[in-house]
Amino acid sequence: MKKVVGFVGWRGMVGSVLLQRLKAENDFNNFYSAFFTTSQLHCASPNVENLETPLLEDAYDLECLIPLDIIVSCQGEKYTKIVYQKLKARGWKGYWVDASSYLRMNNESIIVLDPINLDAIQAGIESGTKAFIGGNCTVSLMLLSLGGLFTQNLIEWVSVSTYQSVSGSGAQSMLDLLKQIGYSYTDISSYLSSKRPILELEREFTKSLKTIDCSKNKIKTPLLGNLLPWIDTPMNNGQTKEEWKGSAETNKILNRKNYIPIDGICVRVPSLRCHSQAFTIKLNSDCSIKEIQSMLASHNPWVRVINNTLEDSIKQLTPLNVTGTLNIPIGRIKKMNFGKKYLSAFSVGDQLLWGAAEPLRRILNILIHQ
């Protein structure tokens, strides 16, 4: 008998990408769907196969949620905080699939990234785990890009610098960046057709950016022509929470006895989509570049090992090349001057796909076949 799946938060960026992927893979044929809303009650549900209810239902109505076999939430942690424990207290035994971070480090949940931890997912299902949570976007992309090395237990530690697109800060931050582009162009367009010295144009551009009022924005400074070396809230040890997640979530996903230290600096950059990461890796043993490339390329179907050349790097190892695809290119692979066990690499991935929606789509498919 087909399971009934309820979707909450399906209009947002992650939710809409998830629905696109479910439609593209014809996954809606495998279950009945019900759609819920926090703001547009009784509007029409999306047009998908096997629709259980033609109209949107109240996402806070426990009586409507309890009959569901699986709930997929992309609504955010505030919704999870309110609804999840109430459902459990009412005796709900269904599966909770969530894009938010609220339950990630809960002992009763599993962070899902099945190309990396399918065994742990299957063991969790067999032992009665009910909460399956999507991981941090940069963590998931790092594990997939470096999966061949993690699988072979070759990594002693990782230092990472991330270059995270503005979409990681939400739809409004994307709009804010686009408005900054429009504002600055309007402000300096008359200078662009002139023959003024380039440094004079640069001064006008910089002056224009400094007049932008970002006080009401989530990112409190202009991102155009700029970057922000801080993402998320501060931790007591000098890290931001985004940087803390790199080590905490990675080690929970890997679920091994040997803890792998991971740290670095997370940076917001003015690209609209895709997160990039520069890795410095300490290996447990010396391996040739050819061996490393082979391990990386063979780990999963989405990794693309890019030759360490100028031409290949600028054509394939960029957000513009990767946006909207499931490909995860990794390049700039080289040994470092620190020693034979030190490796550098650079990876790019679409954080709305493999960094968010795709792991949820795949765990949903695993659960509906239980």
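Source: prediction; values computed, not measured.

Visitor: Help me understand helix α4 (residues 114–127), please; the structure alone is not making it clear to me.
Guide: The periodicity of an α-helix, 3.6 residues per turn, causes residues three or four places apart in sequence to face the same way. For α4, with 14 residues, the first-to-last C-alpha span of 17 Å runs short of the 20 Å given by 1.5 Å per residue. Along α4, the largest kink reaches about 35° and is centred on A120. Among the residues of α4, those classed as buried are D114, N117, I121, G124 and I125. Check the buried side of α4 and you find it contacts β5 (95–98), β6 (109–112), β7 (131–134), α9 (241–254) and α13 (353–368). Positive phi appears at G128, one or two residues downstream of α4, with a value of about 100°.

Visitor: Please explain the environment of H275 as it appears in this structure.
Guide: Relative to the helices and strands, H275 is located in strand β10 (residues 275–283). C-alpha of H275 to C-alpha of T138: the two residues are 137 residues apart in sequence and 6.9 Å apart in space. At a separation of 3.0 Å, a polar atom in the side chain of H275 contacts the main-chain amide nitrogen of S165.

Visitor: Where do I start with the packing of aromatic side chains in this structure?
Guide: In this description, an aromatic ring pair is defined by two values, namely the gap between the centres and the angle between the planes. A full pass over the atoms with the stated rule returns 15 aromatic pairs. On the basis of an interplanar angle of 55° and a centroid distance of 5.6 Å, the ring pair of F28 and F31 is categorised as tilted. Taken individually, F28 and F31 each receive the classification buried, so the pair is uniform in this respect. The interplanar angle of 15° and the centroid separation of 6.3 Å between the aromatic rings of Y79 and W96 together place this pair among those described as stacked. Pair noted here: Y79 is in helix α3 (residues 77–89) and W96 is in strand β5, with a separation of 17 residues, a long-range link. For the pair formed by Y79 and W96, the shared burial category is buried. Each member of the aromatic cluster is reached from another via a ring pair, and the members are F7, W10, F28, F31 and F35. Across from the ring centre of Y32, 5.9 Å away, lies the NZ or CZ of K2, which sits over that ring. Sitting over the face of the ring of Y95, K130 holds its NZ or CZ atom 4.5 Å from the ring centroid.

About the criteria used
Residues numbered from 1 in each chain as written. Predicted model: local features only at pLDDT ≥ 70, side-chain atom pairs only at ≥ 80, totals over all residues. Heavy atoms only, no water. Helix = DSSP H or I, 4+ residues; strand = E, 2+ residues; numbered from the N terminus. Expected span 1.5 Å × (residues − 1). Bend = angle between axes of the 7 residues up to and from the residue. Buried < 20%, exposed > 50% of the residue type's maximum accessible area, 1.4 Å probe, protein only. Contact = heavy atoms within 4.5 Å. Polar contact = N/O pair within 3.5 Å; in protein donor to acceptor, adjacent residues only side chain to side chain. Phe/Tyr/Trp six-rings, centres within 6.5 Å; stacked < 30°, edge-to-face > 60°. Lys NZ or Arg CZ within 6 Å of the ring centre and 35° of its normal.

Remember, this is a structural readout, not a statement about activity or role.
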